[in-house]
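Given next are the chains, with one letter for each unit.
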Amino acid sequence: MTIAPAPPLSPDPVVRTAERSPGVRHSWRDLPAAHQPSYPDAEALHEVIADLASYPPLVFAGECDRLRARLAEVARGEAFLLQGGDCAEAFDAVSAEHIRNKLKTLLQMSAVLTYAASVPVVKVGRIAGQYAKPRSQPTETRQGVTLPAYLGDAVNGLAFTESARAPDPERLRRMYHASAATLNLVRAFTTGGYADLRQVHAWNRDFVRSSPSGQRYERLAGEIDKALSFMRACGAGPDGVRAVEFYASHEALLLDYEAALTRTDSRTGESYDTSGHMVWIGERTRQLNGAHIDFASRIRNSLGIKLGPETTPEEAVAYVERLDPQREPGRLTFIVRMGADRIRDRLPALVEKVTASGAQVAWVTDPMHGNTFEAASGHKTRRFDDVLDEVKGFFAVHKALGTHPGGIHIELTGDDVTECVGGGDEILVEDLHQRYETACDPRLNRSQSLDLAFLVADCVFR
Ligand code: PEP
Ligand code: MN
């Protein structure tokens, strides 16, 4: 998605539709695939998959290549990645308001981080495809009733009823259309002037004015004011600040869907998963001999791999050998999610071993997934301070090793929900019930997300 100013896409149709890579189609099916739904009606699934395979690509190979080049800059320490969005997108949240709020939040965070890091921020949403979830338990029990767990809107419904929780392949079609509608709006917002840096900074000014921690952020906001005035005085043209590149990513979980959207690029003959610019393989499906890693090895998109606290340095290098044998910067992003109490102990050995292997991966911190706990109220939540502490630990490790802290991966929403505790507004456990709206994991709300950007800018980049 994107983009201006940018080279035009090839006039040749970039991707031949209705053609799936033979390699992708057959290989992963022979391997164990964790966390796949079991559909009662295989015929209905096949019909949907055949239709999806004939639909237009959602993103284009040339765009995926451009993101790979941006992530190569991240790997080299010449750019910083901001990746964020919902834990689970929901079909009923595909509205202009929700999408705009999320985008606005990401753009505001990005403006602060760009200034603090003094390098371009590569903006990637967990958006337009983040509809499927692996779950720790296959079932959920409430008041003596046991039903299949919610697996994301791509698979079943959140409502706790037998009919909602039954997997329905028609939902894959809805996922495609929801993703297309979201991408369409995001492309319009990011190229139509909405992302103008001066506008984004004005929103940040509003935030600083109204935030309880505003005084703390005032100095940074003032410095950005001055930098913008300086640019204006220098006659820096509006183009570079009016439109932004923005990319879409999601977890490549449902392999039937991802394979149906995988097409051969007519320019190069290579396979691209055109469901998103970047896809990642989650902590629960990253088995080296499993179907997900095999699928990922056959597509040319930039790949993320989530690495939890039990990951060994040998495993990390095995991902490099399997997915990035050419040691190509931009191909592989390791998204580490260790927990605030473990990041400082566990990360150094991974970074050292991977660096010694000659790989130039991008290292990114996901400070959300290792810091989840259940509050006394029964809500799944995260503490803002743990999130910030994991980010600090991640930066400290890279500083000690002389390697690049490449970016942050955050679960967030642009809405004023109450799902994580703490932050400038000091949300308490007792407040969680007020607007606990997530379909899956707790997200930072709009002001917590901006708090995080300002505090990361202030604490780790200075
Ligand atoms: C997620 O990103 O929502 C997720 C499930 O993360 P992980 O695979 O790291 O647990
Ligand atoms: Mn999550």
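What you are looking at is a predicted structure, and each value in this text was computed from that prediction instead of being measured. (Residues numbered from 1 in each chain as written. Chains lettered and ligands numbered in written order. Predicted model: local features only at pLDDT ≥ 70, side-chain atom pairs only at ≥ 80, totals over all residues.)

J.: How should the overall build of the protein be read in this particular structure?
T.: Summing up its helical and strand segments, the protein has 15 helices and 14 strands in all. Here the C-alpha radius of gyration of the protein, 21 Å, is about what a compact globule of 462 residues would show, namely 23 Å. Projected onto the principal axes, the alpha-carbon positions of the protein cover approximately 60 × 60 × 45 Å. Nonlocal contacts in the protein, meaning residues at least 24 apart in sequence, comprise 79% of its contacts between residues at least 6 apart. (Helix = DSSP H or I, 4+ residues; strand = E, 2+ residues; numbered from the N terminus. Rg over C-alpha atoms; globule rule 2.2 N^0.38 Å. Contact = placed C-beta atoms within 7 Å.)

J.: Could you clarify how one ought to interpret the site of ligand 1 in this entry?
T.: Looking at ligand 1, the residues that line it are Cys87, Pro134, Glu251, Gly282, Glu283, Arg284, Lys306, Arg337, His369 and Asp441. A class-by-class count of the residues in the shell around ligand 1 yields two nonpolar, two polar and six charged. (Near = placed C-beta within 6 Å. Nonpolar A, V, L, I, M, F, W, Y, C, P; charged D, E, K, R; others polar.)

J.: So what exactly am I meant to see when it comes to helix 12 (residues 313-323) here?
T.: Given 3.6 residues per helical turn, the α-helix brings residues three or four places apart onto the same face. The set of residues buried in helix 12 consists of Ala316, Tyr319 and Val320. Across the axial projection of helix 12, the buried residues extend over an arc of 100°, all falling on one side. Among the exposed residues of helix 12, those oriented more than 90 degrees off its buried face are Glu314 and Glu321. On its buried side, helix 12 packs onto strand 9 (302-307), strand 10 (332-336) and helix 13 (343-356). (Buried ≥ 20, exposed ≤ 12 C-beta atoms within 10 Å, placed from the backbone. Arc of directions from axis to C-beta.)

J.: In this structure, what is going on with unusual backbone geometry? I would like to understand it.
T.: For residues besides glycine, phi is generally negative; the peptide bonds are generally trans as well. Backbone geometry places His35, a non-glycine residue, at a positive phi of 60°. Structurally, His35 is set in the loop between helix 1 (22-27) and helix 2 (42-54). A positive phi angle, close to 45°, is found at Gln143, a residue other than glycine. Inspection of the secondary structure assignment puts Gln143 in the loop between strand 3 (139-142) and strand 4 (145-148).

J.: Just to check I follow, could you spell out the confidence of the model for the protein for this structure?
T.: Do not read the predicted coordinates in detail wherever pLDDT is low. Averaged over all residues, the pLDDT of the protein equals 93, while 94% of them reach at least 70. Every residue in residues 1-25 scores below 50 in pLDDT, and together they form 69 contacts with partners more than four places removed in sequence or on other chains. Reported for the predicted complex are a pTM of 0.94 and an ipTM of 0.99. (pLDDT = per-residue confidence, 0-100.)

J.: Would you mind going over the packing of helix 12 against helix 13 with me for this structure?
T.: A pair of packed helices is characterised by two quantities: the angle between their axes and the separation of those axes. Two elements in contact, helix 12 and helix 13, have axes whose closest approach is 8 Å; the angle formed by their N-to-C orientations is 40°. Compared by their axis directions, helix 12 and helix 13 come out oblique. When you trace helix 12 past helix 13, the crossing you get is right-handed. Mapping the contact onto sequence places Pro313, Ala316, Val317 and Val320 in helix 12 and Ala349, Leu350, Lys353 and Val354 in helix 13. Class assignment of the residues belonging to the contact of helix 12 with helix 13 gives a composition of seven nonpolar, no polar and one charged. (Axes fitted to C-alpha atoms, helices over the stretch in contact; angles between N-to-C directions. Parallel < 35°, antiparallel > 145°, perpendicular 65-115°, else oblique. Left-handed = near helix turned anticlockwise from the far one by under 90°.)

J.: Could you clarify how one ought to interpret the sheet that holds strand 10 in this entry?
T.: In a beta sheet, neighbouring strands pair by backbone hydrogen bonds and run either parallel or antiparallel. Pairing within the closed barrel is parallel, and its eight strands lie in the order 1-2-5-8-9-10-11-14. If you compare each strand with its neighbour and ignore which way they point, the axes differ by 25° on average. In this structure, strand 2 (residues 121-126) lies alongside strand 5 (residues 247-251), joined through three bridges in parallel fashion. By the bridge assignment for strand 5, Arg126 is matched with Ser249. (Pairing = 2+ DSSP bridges.)

J.: Hey, could you run me through the environment of Asp366 in this one?
T.: Topologically, Asp366 is positioned in the loop between strand 11 (362-365) and strand 12 (372-374). Setting aside its immediate chain neighbours within four residues, Asp366 contacts Lys306, Ile335, Val336, Arg337 and His409.

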